[in-house]
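So you can see what is in the structure, the chains are spelled out below.
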Amino acid sequence: MSPGALLSARDLRVGFTTEGGLLQAVDGVSFDLTAGEVLAIVGESGSGKSVTAQTILGLTRSPNAEIGGSVKLGEVELLDASDSALRKVRGERIGMVFQDPMTSFNPVYRLGSQIVEAIRAHRGDVSKAEGRARAVELLDSVGIPDAERRVDDYPHEFSGGMRQRAMIAMALALEPEVLIADEPTTALDVTIQAQVLRLLEKLNRERGVATILITHDLGVVAEVADRVMVMYAGRVVEEGTLDEIFYDPQHPYTWGLLGSLTRLDRPRPKRLPQISGAPPSLLSLPRGCSFRPRCPHEFAKCEELPALEARLPDSPSHCDRCWLDPEGKREKRQVGDGQIGLEAPA
Amino acid sequence: MTAEPLIEVTDLVKHFPIKEGLLIDREVDQVRAVDGVSFSVPRGQTLGLVGESGSGKSTVCRVMLQLLRPTSGSVRFEGEEIAGLSRRQLQPLRREMQMIFQDPYASLNPRKRVGQIVGDPLKLQGVASGSELRRQVRELLDRVGLSPEHYDRYPHEFSGGQRQRIGIARAIALKPKLVVADEPVSALDVSIQAQIVNLLDDLQDELGLTYVFVAHDIGVVRHISDRIAVMHHGKIVEQGSADQVCEHPGDDYTKKLLAAVPVPDPRESRARRERAGAAG
């Protein structure tokens, strides 16, 4: 693990045995998350982004799961940690926010009491009254109006955006060092999404919470992330800083994702650039590069799996899995006028 | 040139009663889901309806297609008033107006084979049967980018994008004039969304379809629409050409909505946040 990293994953592998054989949901994911950083993991359904996050917290443990590699939080190896040790890590050191705020709270308990319960489960010496005061303070800090009164509301009395903010409040109750947010704004309207993103940004800036943001939405990524990992069919196909990914993308899949974005501030193209085909089944991955069958630039070498490594001499942190010659890529990736800022970073 | 609109909606209102009481329901209030909406869509064009959840855009679609009875107002299809028609009177019109739904998992009957799902409208309206039916269904599958061998498969064997293609094949089976698409791409992965949007574009050109396209993703709506109407609290707060509404919004709510859409461009996004920060 590199110095300064709070959370560090090395060659994380998660497979599930199914009737159809071993399904390798995550295949060798590595990253270092430093304090105050926002790492975005981008991918479509089945890319392994959520399984990666859930495995960090031990939520994918089951008799049919095969988990390998290493995930270290400071000096603690999370993959071998006992269930009771993990319970202490969850909430206390790593907070988690899920996509659907409706199903993440228990509908029959008041919101405040659920936050108090989370606090008291870790801090036995906190009285109920103190816990309640803390819950009010937390709800207030995430922008719930009239928190003193709303703390006694039931989850259904909150709107979707308020529930998501309450979820974030609960995740932050014990001041964790790391926050994992899995599609935190996907179920929300854009105006509410903007509020939740501002909140995440503020927490990140003011409290130095290191965040893993899992999303399929590159617009959200552009607003909050420092670094980006693009996943496809269980593997990281490209990673780099925000600007490297947006302005000098190296993998054809990343080009496709960026190209299919619609932009309101550019003239609209006649046709939306599209990636043809569909993601492969994880039970029958193509040999070599998994994106090969959908890639317009495929050539013979692609039947061999490229390593995730830096291929540009002056950007050591920018890695990708593509055999194409980096020099030739700049021409190939043009996706049409007015689509994305594919110009090199200034 | 003013072409006659295919569909024209005037002062459409749909209120849902809120009832209270144990034995005798007493109406205590109303939800004004649609509160005086007017628009018209010329033949072969696309109207995009945008708005946040609860703005009434889906209710407008359902009332327009007479799947819900309007509280008041008029819906004219090819110049003919259809609000208030009986089920029987609506029956022949149904084939002219079809719908594509958001959730490709919930909108296809899991016990029916694809061929049956796509062929049922043809059978029910008595358009085709037997081998002619099979031939037409295979042609439809081909037209939406599925292969004819998918005929005997069940919906669960397909991905989300393919299921949406099945839903589209079903919707165009009767060669409708109007297709209402309610969030047709929002449940799909990004790389698949563009495929479906392009497919809808192609079908419009080939079949001369008129679309009412509902979505909360303004970027997608702008791409496919000729005109856009922005809904808020059951009313249309602004409508105009797609580029006009997106580039020079006049209404405060539209401005707020557009400003909240994330810009997938880090530099532009930073600049925008700085401007917002400087403004207060």
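What counts, and where the lines are drawn
Residues numbered from 1 in each chain as written. Chains lettered and ligands numbered in written order. Predicted model: local features only at pLDDT ≥ 70, side-chain atom pairs only at ≥ 80, totals over all residues. Axes fitted to C-alpha atoms, helices over the stretch in contact; angles between N-to-C directions. Helix = DSSP H or I, 4+ residues; strand = E, 2+ residues; numbered from the N terminus. Left-handed = near helix turned anticlockwise from the far one by under 90°. Contact = placed C-beta atoms within 7 Å. Nonpolar A, V, L, I, M, F, W, Y, C, P; charged D, E, K, R; others polar. Core = buried A, V, L, I, M, F, W, Y, C linked by C-beta atoms within 7 Å. Buried ≥ 20, exposed ≤ 12 C-beta atoms within 10 Å, placed from the backbone. Domains from an automatic or database assignment. Expected span 1.5 Å × (residues − 1). Pairing = 2+ DSSP bridges. pLDDT = per-residue confidence, 0-100.

This part is about the packing of helix α4 (residues 111–122) of chain A against helix α5 (residues 128–141) of chain A. Residues and elements named next belong to chain A. Between α4 and α5, whose axes approach to 9 Å, the crossing angle comes to 115 degrees. You can see that α4 and α5 cross each other, and the crossing is right-handed. Where α4 abuts α5, its residues Gly112, Ile115, Val116, Ile119 and Arg120 lie against Lys128, Gly131, Arg132, Arg134, Ala135 and Leu138. Along the lines of polarity and charge, the residues of the contact of α4 with α5 split into five nonpolar, two polar and four charged.

For the rest of this paragraph, the subject is the nonpolar core. Residues and elements named next belong to chain A. The biggest cluster of nonpolar side chains holds 163 residues, and the ones touching the most others in it are Ile115 and Ala169. In terms of residue count, the dominant contributor to this core is helix α7 (residues 160–172) (eight residues). For Ala169, the residues in contact, after removing those within four places along its chain, are Ile115, Leu138, Leu139, Ser141 and Val142.

Across the eight residues that make up helix α1 (residues 49–56) of chain A, a large majority, eight, are buried. Along α1 of chain A, the residues classified as buried are Lys49, Ser50, Val51, Thr52, Ala53, Gln54, Thr55 and Ile56 of chain A.

Another aspect to go through is the domain arrangement of chain B. All names here are of chain B. Taken as a whole, chain B is organised into domain 1 (5–96 + 180–191 + 206–279) and domain 2 (106–175). In this structure, domain 1 and domain 2 have C-alpha centres spaced 28 Å apart. Residue composition of the side of domain 1 that touches domain 2, grouped by class: four nonpolar, no polar and one charged.

Let us now look at the interface of chain A and chain B. On the side of chain B, 32 residues touch chain A, which itself brings 32 residues to the contact. Of all elements in the fold, only α8 (190–207), α9 (218–224), α10 (242–247) and α11 (252–259) of chain A reach the threshold of two or more residues within the side of chain A that touches chain B. With five residues, α9 of chain A is the single largest residue contributor to the side of chain A that touches chain B. When grouped by side-chain class, the residues that make up the side of chain A that touches chain B number 14 nonpolar, 10 polar and eight charged.

Residues and elements named next belong to chain A. Parsing chain A into structural domains produces domain 1 (5–225) and domain 2 (231–332). Using C-alpha coordinates to define each centre, domain 1 is positioned 28 Å away from domain 2. In this complex, domain 1 contributes 20 residues to the contact, which on the side of domain 2 involves 14 residues. Mapped onto the side of domain 1 that touches domain 2, the elements with two or more residues apiece are β2 (21–34), β3 (38–42) and α9. Considering every element that reaches the side of domain 1 that touches domain 2, the biggest residue donor is β2, with eight residues.

Right, let's get into unusual backbone geometry. Glycine aside, residues mostly have negative phi, and peptide bonds are mostly found in the trans state. Although it is not a glycine, Glu183 of chain A adopts a positive phi angle of roughly 50 degrees. As for its position among the elements, Glu183 of chain A is in the loop between β7 (178–182) and α8. Although it is not a glycine, Lys175 of chain B adopts a positive phi angle of roughly 50 degrees. Looking at the element boundaries, Lys175 of chain B is found in the loop between α5 (160–172) and β7 (178–182). Accessibility expressed as a C-beta count within 10 Å gives 13 for Lys175 of chain B, which makes it partly exposed.

This paragraph deals with α7 of chain A. Every α-helix carries 3.6 residues per turn, so stepping three or four residues along brings you back to the same face. All names here are of chain A. Given a rise of 1.5 Å per residue, 13 residues ought to cover 18 Å, and the 18 Å separating the end C-alpha atoms of α7 matches this to within 8%. The buried fraction of α7 is high, at 12 of 13 residues. Listed in full, the buried residues belonging to α7 are Gly161, Met162, Arg163, Gln164, Arg165, Ala166, Met167, Ile168, Ala169, Met170, Ala171 and Leu172. The inward-facing, buried residues of α7 abut β6 (94–97), α3 (101–104), α4, α5, β7 and α8.

Residue and element names in this part refer to chain A. Overall, mixed pairing links the eight strands, which are arranged β6-β7-β8-β3-β9-β10-β12-β11 in an open sheet. Each edge of the open sheet is held by one strand with a lone partner, namely β6 and β11 (309–310). Alignment of β3 against strand β8 (residues 210–215), held across five bridges, turns out to be parallel. Within β8, the position partnered with Leu39 by the bridge is Ile212. Contacting β6 and β7, α7 crosses the sheet at an angle of about 170 degrees to β6.

It is worth spelling out the pairing of β7 of chain B at this point. All names here are of chain B. The buried fraction of β7 is high, at five of five residues. Examined bridge by bridge, strand β6 (residues 97–100) and β7 share four bridges and lie parallel to one another. Bridge pairing links Ile100 to Ala181 in β7. Examined bridge by bridge, β7 and strand β8 (residues 210–214) share five bridges and lie parallel to one another. Bridging from a neighbouring strand, Val180 pairs with Val212 of β8.

Here chain A averages 89 in pLDDT, while 95% of its residues score no lower than 70. Taken as a whole, residues 336–346 of chain A scores under 50 in pLDDT and shows 24 contacts with residues more than four places along the chain or in a different chain.

All names here are of chain B. Read from one edge of the open sheet, four strands run β2-β1-β4-β5, paired in antiparallel fashion. Here the strands that pair on one side only, and so sit at the sheet edges, are β2 (26–42) and β5 (80–81). Pairing of strand β1 (residues 5–20) with β2, which is carried by 13 bridges, proceeds in the antiparallel orientation. Within the sheet, the bridge partner assigned to His15 lies in β2 and is Arg32. The strands touched by helix α1 (residues 57–64) within the sheet are β1, β2 and β4 (72–77), with β1 carrying the most contacts at an inclination of about 110 degrees.

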